[in-house]
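Observations on chain architecture
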Amino acid sequence: MEHAYEVMTGYGYKIGNIDVTLILERPKVASFKPAMKDNIVSLLHTSPGRVNIKARTHERVDSVGELRSLSCHVVLTLEKTDEVPVS
């Protein structure tokens, strides 16, 4: 993520919002979510209000529901900054 941050800022962008969806049956991630959010905020130099993490199950369907795998979907928006990138 550090490299991605450097590329993003090099092109004159900053984080708009980040939405993370974890799809897994186990483990329950409620106790891990604050630390995960803190790591994302720190690595991408953004504010906590711009990061959302949620988890859901796959209702015991396919390999995710059968506890053989997990899935993570991330959608983020970038905002153009007014700052001129330094070359």
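Residues numbered from 1 in each chain as written. Predicted model: local features only at pLDDT ≥ 70, side-chain atom pairs only at ≥ 80, totals over all residues. Heavy atoms only, no water.

As for the overall build of the chain
Threshold: By definition, any uninterrupted DSSP run of H or I lasting at least four residues is a helix, any uninterrupted run of E lasting at least two residues is a strand, and each is numbered from the N terminus. Buried means the residue's accessible area, taken with a 1.4 Å probe over protein chains only, is under 20% of the maximum for its type, while exposed means over 50%, and partly exposed covers the values in between. Throughout, a contact is declared for two residues whenever any of their heavy atoms are within 4.5 Å.
Along the backbone of the chain there are three helices and three strands. When the helices and strands of the chain are read in sequence order from the N terminus, they spell out α-β-α-β-α-β. Counting across all 87 residues of the chain, residues that qualify as buried make up 24%. Within the chain, contacts between residues separated by at least 24 positions form 80% of all contacts whose residues are at least 6 apart in sequence.

Structural notes on the sheet that holds strand β3 (residues 71-80)
The criterion, for reference: Strand pairing follows a simple DSSP-based rule, namely that at least 2 bridges must link the two strands. Whenever a helix is involved, its axis is fitted only over the stretch in contact; in every case the axis is a line through C-alpha atoms, and angles between N-to-C directions fall within 0 to 180 degrees.
The three strands lie next to each other as β2-β1-β3, forming an open sheet whose pairing is mixed. The open sheet has two edge strands with one neighbour each: β2 (51-56) and β3. Across the sheet, the axes of successive neighbouring strands diverge by a mean angle of 15 degrees, strand direction being ignored. Sheet topology note: the strand β1 (residues 13-23)/β3 ladder contains ten bridges and is antiparallel.

A short note on the packing of aromatic side chains
Centre-to-centre distance and the angle between the planes together describe a pair of aromatic rings. Worth spelling out the cut-off: Stacked, tilted and edge-to-face are the three classes assigned to paired rings of Phe, Tyr and Trp, where Trp is represented by its six-membered ring and a pair needs centres within 6.5 Å; plane angles under 30 degrees give stacked, over 60 edge-to-face, the rest tilted. As a reminder, the over-ring test applies to NZ of lysine and CZ of arginine, requiring each to be within 6 Å of the ring centre and within 35 degrees of the ring normal.
Considering all chains together, one arrives at zero aromatic pairs under this definition. Just above the ring of Tyr13 sits the side chain of Lys80; from NZ or CZ to the centre is 4.6 Å.

Details of the pattern of salt bridges
Put simply, the rule is: Note on definitions: salt bridges are taken to be side-chain nitrogens of Lys or Arg within 4 Å of carboxyl oxygens of Asp or Glu.
For the structure shown, the criterion picks out three salt bridges. Here Lys54 and Asp19 are joined by a salt bridge, their closest N and O atoms 2.8 Å apart. Of this pair, Lys54 sits in strand β2 while Asp19 sits in strand β1, placing them 35 residues apart in sequence. Using a relative accessible area of 35% as the deciding quantity, one classes Lys54 as partly exposed. Residue class for Asp19 comes out partly exposed when judged on its relative accessible area of 25%. In this structure, Glu79 engages Arg50 in a salt bridge whose closest nitrogen and oxygen atoms are separated by 3.4 Å. Of this pair, Glu79 sits in strand β3 while Arg50 sits in the loop between α2 (33-43) and β2, placing them 29 residues apart in sequence. Arg50 gets classed as partly exposed once you look at its relative accessible area, which sits at 26%.

Considerations on unusual backbone geometry
Phi is positive for His45, close to 50 degrees, though the residue is something other than glycine. Residue class for His45 comes out exposed when judged on its relative accessible area of 56%.

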